[in-house]
Amino acid sequence: MRSFQDDGGTTWVATVKERIGDDYKGRFSFVLLPDGGTQAQEVELEDIRWNSRRTAERTLKTMAESELKRRLRSAIGRAA
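First things first, this report covers the structure right here in the doc. (Residues numbered from 1 in each chain as written. Predicted model: local features only at pLDDT ≥ 70, side-chain atom pairs only at ≥ 80, totals over all residues. Heavy atoms only, no water.)

### Concerning the nonpolar core
Here is step 1 of the chain: One finds Phe4, Ala14, Phe30, Leu32, Trp50 and Leu60 to be the most contacted residues of the largest nonpolar core, which totals 17 residues.
Here is step 2 of the chain: Residue assignment for this core shows that the elements contributing at least two residues are strand S2 (11-18), strand S3 (28-34), strand S4 (43-50), helix H1 (53-62) and helix H2 (65-79).
Here is step 3 of the chain: It is S4 that contributes the most residues to this core, four residues altogether.
Here is step 4 of the chain: If sequence neighbours within four positions are ignored, Phe30 has contacts with Ala14, Thr15, Val43, Glu44, Leu45, Ile48, Trp50, Leu60, Met63, Leu68 and Arg71. (Core = buried A, V, L, I, M, F, W, Y, C linked by side-chain atoms within 4.5 Å. Buried < 20%, exposed > 50% of the residue type's maximum accessible area, 1.4 Å probe, protein only. Helix = DSSP H or I, 4+ residues; strand = E, 2+ residues; numbered from the N terminus. Contact = heavy atoms within 4.5 Å.)

### With respect to the pairing of strand S1 (residues 2-5)
Here is step 1 of the chain: Alternating positions in S1 separate cleanly, Arg2 and Phe4 being buried on one face and Ser3 and Gln5 remaining unburied on the opposite face.
Here is step 2 of the chain: Here four bridges tie S1 to S2, and the two strands are oriented antiparallel to one another. Bridge assignment links Phe4 to a residue of S2, and that residue is Trp12.
Here is step 3 of the chain: The hairpin turn running from S1 into S2, its antiparallel successor, is five residues long, and Gly9 in that turn takes a positive phi close to 95°. (Pairing = 2+ DSSP bridges.)

Quick look at the structure:
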């Protein structure tokens, strides 16, 4: 889990969501949620997936803040 601020000053949390089932390939996806927000406000980037939680968390931990902001803008644009 990783917190960052968007260009408007809103704090977001980048985290990992696990898909339950027998297929383990791409089981973990990239999710962005406003800090203190509800599940209804979460934005999932379905094109970013990992096979293990460890790999997903390591990727989020090392991602540049500019990359997190770019991904957020992309996800919000797709959801609109």
